[in-house]
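Chain by chain, the residues run as shown.
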Amino acid sequence: MWYILNFIIGAIFGSFLNVIIYRGVEGLSIKNPPRSFCPNCKTRLKWYDNIPILSFLILKGKCRYCGTKISPRYLFIELILSFGFLIHYIAFAFPIALILDSLLFVTLAVIFIDLKIMMIPDFAWIVVGLAGFLDVFLNGDFLFRILAFSIVLLVLLILKFLYRDSLGSGDIFLMTAFSFLLSLPLAFYMMIISSVLGILFAIVKRSKIIPFGPFISLSGYILYILNVLYFLK
Ligand SMILES: [Zn+2]
């Protein structure tokens, strides 16, 4: 029963995340318009067009009204979050599962928004920061977290001073929030891994701007799991 519930909650959050990504990329508000609509024919969607996972499968990935193809990204995100929530619930104790759920949500949001418009939404670092405070209650270690946070912030400010444009303020907020959550030495691993991957990505894509966000969240999420599993700290 709880397994099914976690799966459904994951699918609902996946559906919500799709709205955030679409509206974030298009520069629309989350609240306005209040109802979802088809990006092509602008028809307001009925509740039965909006059931996570199921509607996409029933409509075979097309709009009911104009027949335009709906990006498979919608289904992909709903499936990842529902299976993600389910696996977190099976493999970890409750508060840890909650932290992992929020990290997975943030990671997907940052991947799809940052790669598209080179911007990290503010809610991302706020959620990671809150997860960090919850983790303090669970695992303590407050001083080392502050230390990790301060050192990483100092390094990033120096880099920002030297290179200016290649490091956005969103990257700094997200990386320091993850440093507080991960503490030492994981915060350093996260910083090194995400910097290397971000620079490699920019070289391969021949991009002048380096999208660090996806690599910060992805490495932060994976390091947090490894930490829980193997007590790296
Ligand atoms: Zn349509």
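Residues numbered from 1 in each chain as written. Predicted model: local features only at pLDDT ≥ 70, side-chain atom pairs only at ≥ 80, totals over all residues. Heavy atoms only, no water.

Coordination of the zinc ion by the protein is provided by C38 (SG), C41 (SG), C63 (SG) and C66 (SG), with metal-donor distances spanning 2.3 Å. Classification of the site at the zinc ion as tetrahedral follows from its four donor atoms and the range of 106 to 117° in their angles at the metal. Counting the intervening residues between successive donors of the zinc ion yields the motif C-x2-C-x21-C-x2-C. For C38, a relative accessible area of 5% corresponds to the buried category. (Donors = N, O, S within 2.8 Å, 3.2 Å for Na, K, Ca; no water. Tetrahedral: all angles 85-135°; square planar, octahedral: opposite > 155°, others 65-115°. Buried < 20%, exposed > 50% of the residue type's maximum accessible area, 1.4 Å probe, protein only.)

A few words now on the environment of E26. Topologically, E26 is positioned in helix α1 (residues 2–26). Spatially, the C-alpha atom of E26 lies 31 Å from that of L86, the residues being 60 residues apart in sequence. (Helix = DSSP H or I, 4+ residues; strand = E, 2+ residues; numbered from the N terminus.)

What follows covers α1. For α1, which comprises 25 residues, the first-to-last C-alpha distance of 36 Å matches the rise-based estimate of 36 Å (1.5 Å per residue) to within 8%. Turning to α1, its buried residues number three or more, namely N6, G10, A11, G14, S15, L17, N18, I20, I21, Y22 and R23. G27 lies just past α1 and shows a positive phi near 75°. (Expected span 1.5 Å × (residues − 1).)

Attention shifts here to the packing of helix α4 (residues 94–117) against helix α9 (residues 213–230). Interhelical geometry of α4 versus α9 gives an angle of 160° and a closest axis separation of 8 Å. When the axes of α4 and α9 are compared, the pair comes out roughly antiparallel. Handedness of the crossing formed by α4 with α9: left-handed. Across from I96, I99, L100, L103, L104, T107, V110, I111, D114 and L115 in α4, the residues of α9 making contact are G213, P214, S217, L218, Y221, Y224, I225 and V228. Classifying every residue of the contact of α4 with α9 gives 14 nonpolar, three polar and one charged. (Axes fitted to C-alpha atoms, helices over the stretch in contact; angles between N-to-C directions. Parallel < 35°, antiparallel > 145°, perpendicular 65-115°, else oblique. Left-handed = near helix turned anticlockwise from the far one by under 90°. Contact = heavy atoms within 4.5 Å. Nonpolar A, V, L, I, M, F, W, Y, C, P; charged D, E, K, R; others polar.)

We note that the domain assignment places domain 1 (1–91) and domain 2 (94–233) within the protein. Computed over C-alpha atoms, the centres of domain 1 and domain 2 are 26 Å apart. Counting residues at the interface gives 16 residues for domain 1 and 13 residues for domain 2. Interface area, domain 1 with domain 2, both sides summed: about 1,300 Å², of which 86% is carbon and sulfur. At the surface where domain 1 touches domain 2, the tally comes to zero salt bridges. Linking domain 1 with domain 2 are two residue pairs in polar contact (both at pLDDT 80 or more). For the side of domain 1 that touches domain 2, the secondary structure elements donating two or more residues are α1 and α3 (73–91). For the side of domain 1 that touches domain 2, the leading source of residues is α3, giving nine residues. (Domains from an automatic or database assignment. Buried area = accessible area lost by both parts, 1.4 Å probe. Salt bridge = Lys/Arg side-chain N within 4 Å of Asp/Glu carboxyl O. Polar contact = N/O pair within 3.5 Å; in protein donor to acceptor, adjacent residues only side chain to side chain.)

Turning our attention to the pattern of salt bridges. If you walk through the whole model with that rule in mind, you get two salt bridges. Salt-bridge contacts for D49 lead to R64; the nearest nitrogen and oxygen are separated by 2.6 Å. Residue D49 is located in the loop between α1 and α2 (54–58), and its partner R64 is located in the loop between α2 and α3; the two are separated by 15 residues in the primary sequence. The class of D49 is buried, set by a relative accessible area of 8%. Taking the shortest distance from any N to any O, the salt bridge between R145 and D135 comes out at 2.9 Å. Placement of R145 in helix α6 (residues 142–163) and of D135 in helix α5 (residues 122–139) is noted, with a sequence separation of ten residues between them. Both residues of the pair, R145 and D135, count as buried.

Ranked by size, the top nonpolar core spans 46 residues in total, and within it L17, L103, V128, L174, F178 and Y224 carry the most contacts. Those elements giving two or more residues to this core turn out to be α1, α3, α4, α5, α6, α7 (169–182), α8 (186–205) and α9. For this core, the leading source of residues is α4, giving eleven residues. Built from parts of two domains, this core gets at least three residues from each of domain 1 (1–91) and domain 2 (94–233). (Core = buried A, V, L, I, M, F, W, Y, C linked by side-chain atoms within 4.5 Å.)

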